[in-house]
Amino acid sequence: DAGITQSPRHKVTETGTPVTLRCHQTENHRYMYWYRQDPGHGLRLIHYSYGVKDTDKGEVSDGYSVSRSKTEDFLLTLESATSSQTSVYFCAISAVTSSNQETQYFGPGTRLLVL
Amino acid sequence: DQQVKQNSPSLSVQEGRISILNCDYTNSMFDYFLWYKKYPAEGPTFLISISSIKDKNEDGRFTVFLNKSAKHLSLHIVPSQPGDSAVYFCAASVRSNYKLTFGKGTLLTVNP
């Protein structure tokens, strides 16, 4: 699992409230990512980071912001949650496998419901 | 514009037979392709990858084939096992930018 944890694992919130999801990794990986998974859409990249304080937008970044003040933590913030942000959120890191294949390893996910 | 397409939402095969999952892409800049498996309530798990300089890569029961001219790749699972029942995602990247673009997934069901 490449030492990736996500918190919280489940969250219910109300429209208009801010929400922060945390991704924590223990293996000093440089690249970290946030995806959302929705039925009929696969996984879509929200934001990613290529180092401390270095972040960039992905495919579906509107309504989300991120921060990375330490190598091990990558935070995803919904400034004012909307029902369209109800989703499952996955964090990932880039790494090379034991068979020398470049890949991304994913965390267990956070299930977010916005009422 | 969907750059990675998995046109079969589902596939059902018998245990012991071959499972073939297909993926098409439109962006000719993609040079690296990956397959992931996902069980419910878990994160995707990496299976196998292939670079555009190759046309085949094998890892145990899993083989990925790449046809660059057709912009098509496929994942073969032989023999299929009930534990292989999951959603399979194809993903593609331009290797230099470390970002993945995913297909919508194919639900594979392997029947005992």
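Our subject is the structure that appears above.
Described below are features of the structure shown in this document. (Residues numbered from 1 in each chain as written. Chains lettered and ligands numbered in written order. Predicted model: local features only at pLDDT ≥ 70, side-chain atom pairs only at ≥ 80, totals over all residues. Heavy atoms only, no water.)

If you tally the helices and strands in chain B, you get zero helices and eleven strands. Along chain B, helices (α) and strands (β) appear in the sequence β-β-β-β-β-β-β-β-β-β-β when read from the amino end. The C-alpha radius of gyration of chain B comes to 13 Å, within 12% of the 13 Å expected for a compact globule of 112 residues. With the C-alpha coordinates aligned to their principal axes, the bounding extent of chain B is approximately 40 × 30 × 20 Å. Put simply, chain B has 112 residues, and 46% of those count as buried. Sequence-distant contacts, at least 24 apart, represent 54% of the contacts inside chain B between residues at least 6 apart. Entry remark: accessible area of chain B is about 5300 Å², with carbon and sulfur atoms responsible for 49%. One way to put it: in chain B the 12 positive side-chain charges average out to a point 4 Å from where the 9 negative ones average out. (Helix = DSSP H or I, 4+ residues; strand = E, 2+ residues; numbered from the N terminus. Rg over C-alpha atoms; globule rule 2.2 N^0.38 Å. Buried < 20%, exposed > 50% of the residue type's maximum accessible area, 1.4 Å probe, protein only. Contact = heavy atoms within 4.5 Å. Areas by Shrake-Rupley, 256 points an atom, 1.4 Å probe, with all protein chains shown as cover. Lys, Arg positive; Asp, Glu negative; His and termini not counted. Charge placed at Lys NZ, Arg CZ, Asp CG, Glu CD.)

Taken together, the contacts link 21 residues of chain B with 22 residues of chain A. Among the ionic pairs, Arg95(B) bridges to Glu102(A), the shortest N-O distance being 3.3 Å. For the pair chain B and chain A, the interface holds nine residue pairs in polar contact (both at pLDDT 80 or more). Of all the elements in the fold, those that place two or more residues in the side of chain B that touches chain A are strand S4 (32-38), strand S5 (45-51) and strand S6 (56-59) of chain B. It is S4(B) that contributes the most residues to the side of chain B that touches chain A, four residues altogether. Of the residues that constitute the side of chain B that touches chain A, the class distribution is eleven nonpolar, four polar and six charged. (Salt bridge = Lys/Arg side-chain N within 4 Å of Asp/Glu carboxyl O. Polar contact = N/O pair within 3.5 Å; in protein donor to acceptor, adjacent residues only side chain to side chain. Nonpolar A, V, L, I, M, F, W, Y, C, P; charged D, E, K, R; others polar.)

This part is about the state of the cysteines. All names here are of chain A. Per the counting criterion, the structure on display carries two disulfides over all chains. A sulfur-sulfur separation of 1.8 Å characterises the disulfide bridge that pairs Cys23 with Cys91. On the S-S bond that ties Cys23 to Cys91, the torsion sits near -70°, and the link is left-handed. Residue Cys23 is located in strand S3 (residues 19-25), and its partner Cys91 is located in strand S9 (residues 87-96); the two are separated by 68 residues in the primary sequence. Comparing Cys23 with Cys91 shows no difference in burial state: the two are buried. (Disulfide = S-S within 2.5 Å.)

This next bit is on the sheet that holds strand S3 (residues 19-25) of chain B. Residue and element names in this part refer to chain B. Read from one edge of the open sheet, five strands run S1-S3-S8-S7-S6, paired in antiparallel fashion. On the outer flanks of this sheet lie strand S1 (4-5) and S6, each paired with one strand and no other. Sheet topology note: the S6/strand S7 (residues 62-67) ladder contains four bridges and is antiparallel. Across the sheet, Asp59 pairs through a bridge with Phe62, a residue of S7. (Pairing = 2+ DSSP bridges.)

Once that is clear, we can look at the pairing of strand S5 (residues 42-51) of chain A. One face of the sheet, then the other: side chains in a regular strand alternate in exactly this way. Residue and element names in this part refer to chain A. Counted residue by residue, S5 has nine buried out of ten residues, so it is predominantly covered. Looking at chain direction, strand S4 (residues 32-38) and S5 are connected through seven bridges and run antiparallel. Paired with Gln37 across the strands is Leu43, a residue of S5.

The next point concerns the pairing of S9(A). Residue and element names in this part refer to chain A. Counting buried positions along S9 gives nine out of ten residues, so the element sits mostly inside the fold. Two strands pair when backbone bridges link them, and S4 and S9 are joined in this way by six bridges, in the antiparallel orientation. Pairing of Tyr35 across the sheet is with Phe90, part of S9. One ladder, built from five bridges, connects S9 with strand S10 (residues 102-106); its direction is antiparallel. Within the sheet, the bridge partner assigned to Ile93 lies in S10 and is Tyr105.

Attention now moves to the nonpolar core. By size, the foremost hydrophobic cluster in this structure holds 24 residues, and its most contacted members are Phe33(B), Trp35(B), Leu73(B), Leu75(B) and Tyr88(B). Of all the secondary-structure elements, those providing two or more residues to this core are S3, S4, S5, S7, strand S8 (72-77), strand S9 (86-93) and strand S11 (106-111) of chain B. Element by element, the count of residues in this core is highest for S9(B), at four residues. Here Leu75(B) is in contact with Ser19(B), Ile20(B), Leu21(B), Trp35(B), Leu47(B), Ile48(B), Phe62(B), Thr63(B) and Tyr88(B), once residues within four sequence places are set aside. Counting residues in each nonpolar core, the second largest holds 20 residues, with Leu21(A), Met32(A), Ala95(A) and Val114(A) among its members. (Core = buried A, V, L, I, M, F, W, Y, C linked by side-chain atoms within 4.5 Å.)

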